[in-house]
Amino acid sequence: MKILVINCGSSSLKYQVFNMEAENVLAKGIAERIGINNSFLKHEIKDGEKVIIEEELKDHQQAIELILQTLVSSKHGVLNDITEINAVGHRVAHGGHKFSSSVIITEEVKEDIRELFIVAPLHNPPNLQGIEAMEKLLPDVPQVAVFDTAFHQTMPKYAYLYGLPYECYEKYKIRKYGFHGTSHKYVAQRAGELLGQSWDQLKIISCHLGNGASITAIKDGKSLENTMGFTPLEGLIMGTRSGDIDPAIVSFLMIKENMNIKEIESLLNKKSGVLGISGISSDFRDLEEASKKGNERARLAIDMFVHDVKLHIGAYTAILEGLDVLIFTAGLGENGIEVRKNICINMEALGITIDETKNYVRCKEVEISKNGAKVKVLVIPTNEELMIARDTKNLVVARQLT
Ligand code: AMP
């Protein structure tokens, strides 16, 4: 079975084609600058051979058309015919309270995704555009939605409710949803496999540290807590997002700076985080370099991030009533040697001690805890696309059987 996985952003579209027999990637790539000028497709096949195709891509449908053409082209193709694609899996950011697992896409599912535009304005609209474009181009192929929020639907009510009037929840479903669920679930399952133990018997804290960052507490194979909330703005200080702040700051700033809703949203989502603190960059590589040259605000931004991660590891250890496994994943979690070291330093009280030599690693599945340490600390590169492909396959196979 061959599955195409699609992750549609506002101006970009990532894709991977899986052969599910061996779960290997036949081709992958990204269409960038969709709807902007100078758009192009970067297409990569099995042995790392890359090609850039420059073409005007007015919208997501044109991008998908070009991807499908490239997948069957005689020069860079990996399929003989487009009918070889058995199903398409779509990453969808927000599934609200309705979706606790992946689903085959129907008109009703699309309507539910549309209803959530208001809470995921940056993500759900392009996700739906990708689905609708794909439906037009491959009308007979089943499509599956895999939600970033689904894994966190197991959070208990006392964890996911905010201390607001209960009517806010009843009327608008204002509650914590949690995000990056597909990634957290993948690395937690993988941790079980690597340790030769069943993941649902382990107390796990998974740190997805990328430009967007979140931490999850996992017990009995279920998410009990995630640092993100009603939207992906809550939680850790991130690349450009503020993370947790006192909500009173919003009205204070709006009054003092005469800001409107759009301006305050932009400040919190795009101008805050380690970018806002450092004044330099949202990228930890730049911050580490600047900090080494003596830039104090770059150092401060890194210290704030490290402090925040430590804080949540402590809190989640309490929620889990102990800790067996700590996982680092995503861009910074997989590559950030210094950041991992600083997060894990002086954490012996929680059973966390890492071996600096083992920690000197990037983008590899590896245990970095000291021999005999109580908590196994693992670096596990995430693979959300594979999870999406697996869910897609399972749903399509199950449908064929009924
Ligand atoms: P992601 O959003 O998962 O793609 O992660 C992107 C982030 O990972 C970047 O903004 C960097 O902060 C971080 N990152 C990637 N490579 C490195 C590296 N070699 N050292 C430190 N941070 C890195």
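Scroll up a little and you will see the structure.
What you see is a predicted model, and the numbers here were worked out from it, not measured in a lab. (Residues numbered from 1 in each chain as written. Predicted model: local features only at pLDDT ≥ 70, side-chain atom pairs only at ≥ 80, totals over all residues. Heavy atoms only, no water.)

(A) Quick peek at the site of the ligand. With respect to spatial proximity, the complete set of residues near the ligand consists of Gly210, Asn211, Asp283, Phe284, Arg285, Ala330, Gly331, Leu332, Asn335 and Arg362. Take phenylalanine 284: an N or O atom from its main chain is 2.8 Å from an oxygen atom of the ligand. Here an oxygen atom of the ligand and a backbone polar atom of glycine 331 are 2.9 Å apart. Surface burial for the ligand is 73%, taken as the share of its 500 Å² of free accessible area covered by protein chains. When residues of the shell around the ligand are traced back to their parent elements, those giving at least two are α10 (284–292) and α12 (330–335). Top element by residues in the shell around the ligand is α12. It accounts for four residues. Grouping the amino acids of the shell around the ligand by side-chain chemistry returns three nonpolar, four polar and three charged. (Near = heavy atom within 4 Å. Polar contact = N/O pair within 3.5 Å; in protein donor to acceptor, adjacent residues only side chain to side chain. Areas by Shrake-Rupley, 256 points an atom, 1.4 Å probe, with all protein chains shown as cover. Helix = DSSP H or I, 4+ residues; strand = E, 2+ residues; numbered from the N terminus. Nonpolar A, V, L, I, M, F, W, Y, C, P; charged D, E, K, R; others polar.)

(B) Region of interest: the packing of aromatic side chains. Across all of its chains, the model carries six aromatic pairs by this definition. Where tyrosine 160 meets tyrosine 169, the ring centres are 6.1 Å apart and the plane angle is 50°; that geometry is what we call tilted. According to the relative accessible area criterion, tyrosine 160 is buried, its value standing at 10%. The exposure class assigned to tyrosine 169 is buried, which follows from its relative accessible area of 12%. When the ring of tyrosine 166 is compared with that of tyrosine 169, the centres are 5.6 Å apart and the planes differ by 65°; the resulting orientation is edge-to-face. With tyrosine 166 and tyrosine 169 both in helix α5 (residues 166–172), this residue pair falls three residues apart, about one helical turn. Relative accessible area serves as the criterion here: at 38%, tyrosine 166 is assigned to the partly exposed category. Counting every residue linked through ring pairs, the aromatic cluster contains Tyr160, Tyr166 and Tyr169. A cation over an aromatic ring shows up here: lysine 173 above the ring of tyrosine 169, its NZ or CZ 5.1 Å from the ring centre. The ring of tyrosine 160 carries arginine 175 above its face, with NZ or CZ at 3.5 Å from the centroid. (Phe/Tyr/Trp six-rings, centres within 6.5 Å; stacked < 30°, edge-to-face > 60°. Buried < 20%, exposed > 50% of the residue type's maximum accessible area, 1.4 Å probe, protein only. Lys NZ or Arg CZ within 6 Å of the ring centre and 35° of its normal.)

(C) Local environment of helix α11 (residues 296–320). Its 25 residues give α11 an end-to-end C-alpha distance of 36 Å, which sits within 8% of 36 Å, the value for a rise of 1.5 Å per residue. The set of residues buried in α11 consists of Ala298, Ala301, Ile302, Phe305, Val306, Asp308, Val309, His312, Ile313, Tyr316, Thr317 and Leu320. Near the N-terminus of α11, the side chain that reaches the backbone nitrogen of arginine 297, with its oxygen 3.0 Å away, is that of asparagine 295. The positive-phi residue at the C-terminal boundary of α11 is glutamate 321, with phi of around 60°. (Expected span 1.5 Å × (residues − 1).)

(D) Broad picture of the pattern of salt bridges. Taken as a whole and judged by the stated rule, the model has 18 salt bridges. A salt bridge links arginine 390 to glutamate 23; the nearest nitrogen and oxygen atoms lie 2.8 Å apart. Of the two residues, arginine 390 is situated in helix α15 (residues 384–401) and glutamate 23 in the loop between β2 (13–19) and β3 (24–32); the sequence distance between them amounts to 367 residues. Residue arginine 390 is classed as partly exposed on the basis of its relative accessible area of 26%. By relative accessible area, which is 31% here, glutamate 23 ends up partly exposed. Across the salt bridge formed by glutamate 107 and lysine 110, the nearest N and O atoms sit 3.0 Å from each other. Residue glutamate 107 and its partner lysine 110 are located together in helix α2 (residues 107–115), separated by three residues, close to a single helical turn. Owing to a relative accessible area of 60%, glutamate 107 belongs among the exposed residues under this scheme. One salt-bridge network, held together by shared partners, links Arg91, Asp148 and Glu384. (Salt bridge = Lys/Arg side-chain N within 4 Å of Asp/Glu carboxyl O.)

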